[in-house]
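Observations on the three-dimensional arrangement
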Amino acid sequence: MNPIVKALIVPGLPQVLLAPEKNPGWHKLRQAMEAARAEIESTQADLILYCSTQWLSVLGYTFQADPAPEWTHVDHNFHELGSMKYKFKIDAAFAAAYAAEVKKDGPHTMLANYRGFPVDTGTIVAQKILNPNNRLPAAMISCNMYAEKNETIEIGRAGLRALEKTGKKAIVVLVSSLSSRFFIKEIDPKEDHISSAKDDEWNRKICELLGDGRLEDVAQVARDFGREANGDMGFKGIWWLDGLCGESNDFSGKLLGYEAIYGTGGAVVTLTPKSAIKSKAMVSEAKAPAPAAGEKHIIEASQAPEPVGAYPHARREGEFLFLSGVGPRARGKKEIPGVTLDKDGNIAAYDVEVQTRSVIENVKMILEASGSSLDQVVDVQAYLTNMKADFPTFNKIYAEYFSKIQATRTTIEVGALPTPIAVELKVVARG
Amino acid sequence: MSKGKIVAGVLAPHPPHLVYGENPPQNEPRSECGWENLRWAYERCRKSILKLKPDVLLVHSPHWMTVVGHHVLGVECFQGLSVDPIFPHLFRYSYDLKVDVPLSLAIAEAGKKHGLLTKVMKNPDFRIDYGTICSLHLINPAWDIPIVSISSNNSPYYFSNEVGQEQMEKLGRATREAIEASGKRAVLLASNSMSHRHFTSEPEIPEDMSHEHIYHHGQYLWDMKMLSLMKQGKAKEALAVLPEFIDMASAEVKAGALAWMLSALETPTYPAIVHGYGSVIGTGNAVVEWNQETKGLEL
C-alpha cells in the first residue's frame, strides 16, 4: 500500500475561488484545479492533507484538530471579492498521530481545537475546489516561519511516518504560490501578468521540473528559487512535500496550469508516485534518534550479531555512519553461516557465497537500525582471507547488492580474521 | 469646527500574552498572571492617554497585512471573536467595536492625494485582526472610543526597507491631514514590537516568567539604542536608523507602524516617555508615549 496516493501543488489566492471569470488566467487555474479534483476523485485515498504557506506558526507546528471547523472567512487583502463560508470535516485522529510523530523529532506541537480558530485563505481555497462537500476528511498543518530546509523536510518525513502508522492513504497538497511578488498598484484584472520577467522565467523552470515529476530536484533548487524569484515563503513548502513524498524524482508529473494571480505565479501540478514510498522508520522501527550537530552517537543494533570486543555496531559522526567490521555471524547462535567446523573447532569447510550474503545482510540490518539503508553506503573496505580462491564468488554476490549503489570499495587479503570467517566488511554510509 | 489634532502617539505592541495575563472578561483563556512589567507599563500609559479625552483611536497593525495598498475599515460596527492563529490557547477574545468611518474615508482620500493606493474595507463579515484588538484593549479596555484601523501594506518593503518607510511616512502625513480636517482629538497606536524573534517553544505554563528573556543580546542592544533615541527626543535619528534596525533586530516595525506614527506626529523633538520594556516569548516590546500636550515633561 502506498501511503501517498498523489501529491499536489496549488495556488491559494482567492481569485481562483471567488472571481475566476474576471481574468482568463484565473479561469484556467480554476479549471486546472477542477481537473486535479477529478484526478483525486479517481483514487481511493482516505484523507487529504494540506500545508499552506498562508498559515504561519512560530511555536513549532499547529494542527487543525477541530473535527468540524466552521466560519465565514474574509481575506484580509482581497476582501472585496466576497466572503468564504466553510464547514470542513477534519480527521482529528490523524492530526494527533501526525503531531505525535513531529514531537518525537523535537519541535513543539499544538492541536488547535478552538471555536473560531482561523483557517487561512489558501487552505480554504484549495479545500473548497479540490475537496468540495468534504468527500475526504482533511488534515491541516501550519508552516513554521522560522524553519529552514532540514527541519521542514523532517516535518514532511514525520507526516509519512504518521500515514504509515495509521495505515492511511493520503492526497497531500502544498498550497503555495511560486513567485510571490504582487503588484503594488491596482490593476485591471484583465491585464494581470507575472510582475517580473525574471520571476516568470524561474517559475517556468520550476514548472518544467515538476511536470517531469522531479520533486527532489525542485527541492534542491528551492533556496535559489526562493531568493531569486521571491518565492512564496522562500518556497519552503516544497521541502515539506519532498520529505512527505520520500525525497525522490520518481513521479509522473502533470502541469495542469500556470498563470499569474495579481503578479504572482500560480501553478497547478499533480505528482503521482511511480513506486512505493516508504519512510526510513518503516524500513526499521528501531530508528536511532538524530544527534545534534557535533554530538557523537553510539549505535547498537538489537538484531545484529554481538560484537566480539569493546566496540559498537556503528557510530554516527556528523552526517555519516561508521560501521565496525561486520562478519557473517548470526546473533545468539554458535554456528556461523557458511562455516563448518570440525570437533576441534578448526574450519572443515566454508562457503564464501553464503558468508558474503550473510555479511551484507548484517550490514543492512545495522544500517537500518541506525535509520539509514544499504543504498546510503558510500565506501566499503572488504577483507578476504583467501583472495585467490574467494574473490570471484565474493565479487559476484557483492555486485548483486551494490551494483546500483556504486559505493567506492577496496578489497584486501588478510592473514586471518578474529573468528573463523573468510569475509568481513568495513562500511561508511550516510546517516 | 476647530482644527483637529493628534494629541498623542503610542508605540503599542500587541502580544496577546499581555491580554491573557490580565484576564479580562472578553478573553476566554485564564492565566495566573504574567508579563507584569509590560502590563503595568500599559496601565500607566492608559491613564495618561485617557486623560487626553481622545475622540478617536487609530491603530496601524501588522496583523492586518495587505499587499495591494493601504486599507481602512469602512463598516461602522464590528462584533466577533478574534482567535490568534499563533497563540490560540492564549487569545480568544470577543470584541464589539465602533469604527469612525468618516475619518477612515478621509484618510483613504488623503492617502490618494499623496500618491498612495488606498482601499476601504466594506465587507461586514471581515474579522478584525488580533493585533488591532490587543493594542486597543490595552489602551482602552472599555471600548468606548471609536476607532480607525489601518492595514500594514507589506509589498513596498519587498523592494527595500527604505521604499516601504517612504510610503509609511506619506501615509502618516495623509493621516495627520485627515485628522486635522476632522476637528477631532486623535491618538495614534503603532501596534508593533521592537526586536521580533520568537522562541519556537513555550513552557508548559505560558506565564512561567522564569523562562522569559530576550531572544538574543544583540537584539536587546538594538532595542536599547532605539529607545535611547526616543527618550532623547531624537525621532528623526530613530527614523534614519530604522531600516538598519529592521534588518539587525528582525524588528516588527518593518510592518511600518512606527514610521507612520512618527511621521504623523511630525517627527517629535521632545523626549518620549518609555513606560516600560520587556520580552514576550523572546521578542522585545516597549510601551512608549509621545504626548503632544505635555511634550514629555510630565507623566
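The model shown is predicted, which means the values in this text are computed figures rather than measured ones.

1. Re the overall build of chain A
Counting its secondary structure elements, chain A contains eleven helices and 18 strands. Projected onto the principal axes, the alpha-carbon positions of chain A cover approximately 90 × 45 × 40 Å. A buried classification covers 52% of the 431 residues belonging to chain A.

2. Re the overall build of chain B
The helix and strand tally for chain B stands at nine helices and ten strands. Here the C-alpha radius of gyration of chain B, 18 Å, is about what a compact globule of 299 residues would show, namely 19 Å. Summarising its shape, the C-alpha atoms of chain B cover approximately 50 × 40 × 40 Å along the three principal directions. The 299 residues of chain B split such that 58% are buried.

3. Overview of the interface of chain A and chain B
Much of the literature gives interface size as the accessible area that the parts lose upon coming together. Taken together, the contacts link 27 residues of chain A with 24 residues of chain B. Going through the elements one at a time, β2 (47–57) and β4 (70–74) of chain A are the ones with two or more residues in the side of chain A that touches chain B. Residue composition of the side of chain A that touches chain B, by class: 13 nonpolar, eleven polar and three charged.

4. Observations regarding the nonpolar core
Core analysis: the biggest nonpolar cluster contains 187 residues, and I48, Y98 and V173 of chain A together with V10 of chain B have the highest contact counts within it. Looking at this core element by element, the count peaks at seven residues for helix α9 (residues 257–264) of chain B. Those residues in contact with Y98 of chain A that sit more than four places away from it in its chain are F63, A139, I141, A158, G159 and A162 of chain A. Membership of the second largest hydrophobic core comes to 31 residues, among which are A304, V326, Y350 and A429 of chain A.

5. Some remarks on the sheet that holds strand β18 (residues 423–430) of chain A
Residues and elements named next belong to chain A. With mixed pairing, the six strands of this open sheet are ordered in space as β11-β12-β13-β18-β16-β17. At either margin of the open sheet sits one strand with a lone partner, and together these are β11 (297–299) and β17 (408–413). Shown here is a sheet whose adjacent strand axes are inclined to one another by a mean of 15°, direction ignored. In this structure, strand β16 (residues 377–384) lies alongside β18, joined through seven bridges in antiparallel fashion. Residue L384 lies in a different strand from β18, and its bridge partner there is V423. Each of β11, β12 (314–317), β13 (320–323) and β18 touches helix α10 (residues 352–369); the most contacted strand, β18, lies at about 30° to it.

6. Quick word on the pairing of β2 of chain A
Residue and element names in this part refer to chain A. Along β2, ten of the eleven residues are buried, which leaves the element largely enclosed by surrounding structure. Relative to strand β8 (residues 170–175), β2 runs parallel, the two sharing six bridges. The residue of β8 that forms the bridge with L49 is V172. Pairing between β2 and strand β7 (residues 138–144): six bridges, direction parallel. Residue pairing in the sheet places L56 in a bridge with C143 of β7.

7. Focus: the domain arrangement of chain A
Split into domains, chain A comes out as domain 1 (4–278) and domain 2 (284–430). Each of domain 1 of chain A and domain 2 of chain A has a C-alpha centre, and the two are 43 Å apart.

8. Remarks on the environment of G131 of chain B
Residues and elements named next belong to chain B. Mapped onto the elements of the fold, G131 is located in helix α4 (residues 130–139). For the pair G131 and L97, spaced 34 residues apart in the sequence, the C-alpha separation amounts to 14 Å. When sequence neighbours within four positions are dropped, the list of residues in contact with G131 reads H14, S61, P62, H63 and S191.

9. Looking at the packing of helix α8 (residues 235–249) of chain B against α9 of chain B
Residues and elements named next belong to chain B. Between α8 and α9, whose axes approach to 11 Å, the crossing angle comes to 150°. Classified by the angle their axes make, α8 and α9 are roughly antiparallel. Of the two elements, α8 crosses α9, and the hand of that crossing is left-handed. Together, A235, L239 and L242 of α8 and L258, A259 and L262 of α9 make up the contact between the two elements. Classifying every residue of the contact of α8 with α9 by side-chain character gives six nonpolar, no polar and no charged.

10. A word on unusual backbone geometry
All names here are of chain A. Its identity is not glycine, yet N230 carries a phi of approximately 50°, on the positive side. Secondary-structure assignment places N230 in the loop between α7 (215–228) and α8 (237–244). Non-glycine residue Q406 carries a positive phi angle of around 55°. Its location among the elements puts Q406 in the loop between α11 (387–402) and β17. With 10 C-beta atoms packed within 10 Å, Q406 lands in the exposed category.

11. Thoughts on helix α6 (residues 161–182) of chain B
Counted at 1.5 Å a residue, the expected span for α6 of chain B with its 22 residues is 32 Å, and the 31 Å between its end C-alpha atoms agrees. G183 of chain B occupies a position one or two residues after α6 of chain B and carries a positive phi of about 75°.

12. Section: the confidence of the model for chain A
Confidence in the prediction for chain A averages 92 pLDDT; 96% of positions are at 70 or higher. Note on residues 284–288 of chain A: pLDDT is under 50 here. Beyond four places in sequence and across chains, it has eleven contacts.

13. Quick look at the environment of R227 of chain A
Mapped onto the fold, R227 of chain A is located in helix α7. Residues R227 of chain A and S179 of chain A, 48 residues apart in the sequence, show an inter-C-alpha distance of 9.7 Å.

Basis of the calculations
- Residues numbered from 1 in each chain as written.
- Chains lettered and ligands numbered in written order.
- Predicted model: local features only at pLDDT ≥ 70, side-chain atom pairs only at ≥ 80, totals over all residues.
- Helix = DSSP H or I, 4+ residues; strand = E, 2+ residues; numbered from the N terminus.
- Buried ≥ 20, exposed ≤ 12 C-beta atoms within 10 Å, placed from the backbone.
- Rg over C-alpha atoms; globule rule 2.2 N^0.38 Å.
- Contact = placed C-beta atoms within 7 Å.
- Nonpolar A, V, L, I, M, F, W, Y, C, P; charged D, E, K, R; others polar.
- Core = buried A, V, L, I, M, F, W, Y, C linked by C-beta atoms within 7 Å.
- Pairing = 2+ DSSP bridges.
- Axes fitted to C-alpha atoms, helices over the stretch in contact; angles between N-to-C directions.
- Domains from an automatic or database assignment.
- Parallel < 35°, antiparallel > 145°, perpendicular 65-115°, else oblique.
- Left-handed = near helix turned anticlockwise from the far one by under 90°.
- Expected span 1.5 Å × (residues − 1).
- pLDDT = per-residue confidence, 0-100.

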